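Given next are the chains, with one letter for each unit.
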Amino acid sequence: MRWENLTSDSEHSRADAALFGADAVTTRTFDTPEFRGITFHEIRARSIINRVPAVSRMSFQWTVNPYRGCSHACVYCFARKTHSYLDLDTGLGFDSQIVVKINAPELLRRQLGSRRWQGEHIAMGTNVDCYQRAEGRYRLMPGIIAALRDHANPFSILTKGTLILRDLELIKQAARVTDVGISVSVGFTEQELWRTVEPGTPAPERRLEVVRTFGDHGIGCGVLMAPVIPFLSDSPAQLRATVRAIAASGATSVTPLVLHLRPGAREWFMAWLGQHHPHLVARYERLYAAGSYAPKWYQRRITRQVHELAEEYGIGPTRAGTSRRISPPEPAPEPPVAGPTQLSLL
Ligand code: SF4
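Residues numbered from 1 in each chain as written. Predicted model: local features only at pLDDT ≥ 70, side-chain atom pairs only at ≥ 80, totals over all residues.

1. Some words on the sheet that holds strand S6 (residues 97-101)
If you trace the four strands from one edge of the open sheet to the other, you get S1-S2-S6-S5, paired in mixed fashion. Here the strands that pair on one side only, and so sit at the sheet edges, are strand S1 (25-29) and strand S5 (67-68). Bridge count between S5 and S6: two bridges; the pairing is antiparallel. Across the sheet, the residue bridging to Arg-68 is Val-99, located in S6. (Pairing = 2+ DSSP bridges. Helix = DSSP H or I, 4+ residues; strand = E, 2+ residues; numbered from the N terminus.)

2. Quick notes on the pairing of strand S9 (residues 180-185)
Every other side chain in a regular strand lies on the same face of the sheet, so the side chains alternate between the two faces. Most of S9 is tucked away, with six of its six residues classed as buried. Side chains Val-180, Ile-182 and Val-184 of S9 all project onto a buried face; the interleaved residues Gly-181, Ser-183 and Ser-185 project onto the opposite face, where all are buried too. The pairing of strand S8 (residues 155-159) with S9 spans five bridges and is classified as parallel. If you follow Phe-155 over to S9, its bridge partner there is Val-180. (Buried ≥ 20, exposed ≤ 12 C-beta atoms within 10 Å, placed from the backbone.)

3. Focus: the nonpolar core
Residues Ile-144, Val-223, Met-225, Ile-246 and Val-254 are the most contacted members of the largest nonpolar core, which totals 85 residues. At six residues, the largest contribution of residues to this core is made by strand S10 (residues 221-228). The contact partners of Ile-246, leaving out residues within four places of it in the chain, are Val-186, Leu-208, Val-223, Met-225, Ala-251, Val-254 and Ile-315. (Core = buried A, V, L, I, M, F, W, Y, C linked by C-beta atoms within 7 Å. Contact = placed C-beta atoms within 7 Å.)

4. Things to note about unusual backbone geometry
Omega for the peptide link from Ala-226 to Pro-227 comes to -5°, which places this bond in the cis form. Not every positive phi belongs to a glycine, and Ala-152 is a case in point at roughly 45°. You can see Ala-152 is positioned in the loop between helix H6 (141-150) and S8. One non-glycine residue, Phe-231, adopts positive backbone phi at about 70°. For Phe-231, the location among the structural elements is in the loop between S10 and helix H10 (236-248).

5. Thoughts on the sheet that holds strand S4 (residues 62-64)
Pairing is mixed across the open sheet formed by seven strands, whose spatial order is S3-S4-S7-S8-S9-S10-S11. What marks the edges here is a single partner per strand, and that holds for strand S3 (49-51) and strand S11 (254-258). Here the strands of the sheet are splayed against their neighbours by 25° on average, with no regard to which way each runs. Pairing between strand S7 (residues 122-124) and S8: three bridges, direction parallel. (Axes fitted to C-alpha atoms, helices over the stretch in contact; angles between N-to-C directions.)

6. Here's the deal with H6
Buried within H6 are the following residues: Met-141, Ile-144, Ile-145, Ala-147, Leu-148 and Arg-149. Each element contacted by the buried residues of H6 is listed here: S4, helix H4 (104-112), S7, helix H5 (134-138), S8 and helix H7 (168-177). In the stretch just after H6, Ala-152 is the one whose phi turns positive, near 45°.

7. Details of H4
Residues of H4 that are buried: Ala-104, Pro-105, Leu-107 and Leu-108. Taken down its axis, H4 places every buried residue within 165° of arc, on the same side. Packed against the buried residues of H4 are S3, S4, S6 and H6. (Arc of directions from axis to C-beta.)

8. Examining the confidence of the model for the chain
Per-residue confidence for the chain averages 87 on the pLDDT scale, and 84% of its residues sit at or above 70. Segment residues 1-18 is flagged for pLDDT under 50; beyond a separation of four residues in sequence, or across chains, it makes 60 contacts in the model. (pLDDT = per-residue confidence, 0-100.)

9. Focus on the packing of H10 against helix H13 (residues 296-313)
Contact geometry of H10 with H13 gives a least axis separation of 9 Å together with a crossing angle of 45°. Here H13 runs oblique to H10, going by the angle between their axes. With respect to the hand of their crossing, H10 and H13 are arranged in right-handed fashion. From H10, Pro-236, Leu-239, Arg-240, Val-243, Arg-244 and Ala-247 reach across to H13, where they touch Gln-305, Val-306, Leu-309, Ala-310 and Tyr-313. (Parallel < 35°, antiparallel > 145°, perpendicular 65-115°, else oblique. Left-handed = near helix turned anticlockwise from the far one by under 90°.)

Below, the structure is given as structure tokens:
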């Protein structure tokens with residue numbers, strides 16, 4: 001889940017410089033079990049609709065990200081790198097220092113009403129998860145979705161957060177007036193792997209309940225099967241178990257994506273690997289020797305296996321839904337991306 005725009009109009013090129021200025025930030029902690037150890041930096045953003053850099057290979061041009069940092073704490077998360085732009089730690093700091101753009105709903109409503117805005121599709125959850133735990137307290141998404149609904153502006157949401165079900169009625173209202181796409185990220189169903197590599201997220205089966213619930217309400221929901229983690233979730237039996245569970249949830253599509261290890265995520269992931277699976281470190285160093293991506297032959301093999309399984313289990317396009325998938329980038333060697341412009345593997 002992660003997109004940040006570093007162009008001259010970006011909220012980040014100028015506003016980030018002032019992000020931690022004394023007037024711009026209120027820092028809060030909450031002494032509840034849910035938020036213990038987490039610091040929230042509340043800011044008033046200057047802009048909320050971000051343009052995706054032209055060099056990006058993503059399938060959408062505009063994003064809205066009400067948060068930075070993510071308490072879902074996935075070890076492999078690409079967005080870790082973006083915390084370094086704020087002089088924050090990309091490891092534990094990314095998991096526990098959360099920037100909250102508290103004026104996101106009102107700002108979005110204003111920007112959607114601008115004569116310069118052309119009503120293009122807006123993707124959310126592409127940088128960090130907009131339904132991470134902080135959203136339970138700050139409740140920014142209802143105002144954001146209401147603004148998009150009132151402007152009949154098409155949008156999509158990618159999430160690992162079951163909290164999205166809180167906003168189901170609003171999303172249904174929006175889907176009556178515009179194109180709405182909901183995608184949930186479930187890379188695998190292994191319990192032990194989930195607990196260690198995605199420690200702050202709802203369990204995979206709970207995420208698949210989200211898929212099922214949206215389907216029951218007439219909103220087709222796709223699954224981004226990401227990441228497929230080499231040697232840990234990629235055996236034929238594991239792929240089959242995951243695709244079978246996705247099919248059983250009624251998902252309208254499944255899109256596999258093999259683990260990327262870009263700088264920022266790579267160091268954190270490899271440290272985790274050394275701690276939990278030390279025997280795999282050398283294999284990873286060989287598999288990712290050429291850069292951030294696994295070799296194409298490996299990616300193609302996974303894609304083919306998942307597509308074959310999807311066909312076997314009957315996962316296909318929705319008949320009546322309004323789902324629009326967020327397509328991940330095509331596998332490639334190091335892309336010429338000048339900023340944090342990759343899906344965070346939500
Ligand atoms: S991968 Fe997504 S859910 Fe996980 S920490 Fe990153 S932004 Fe959050």
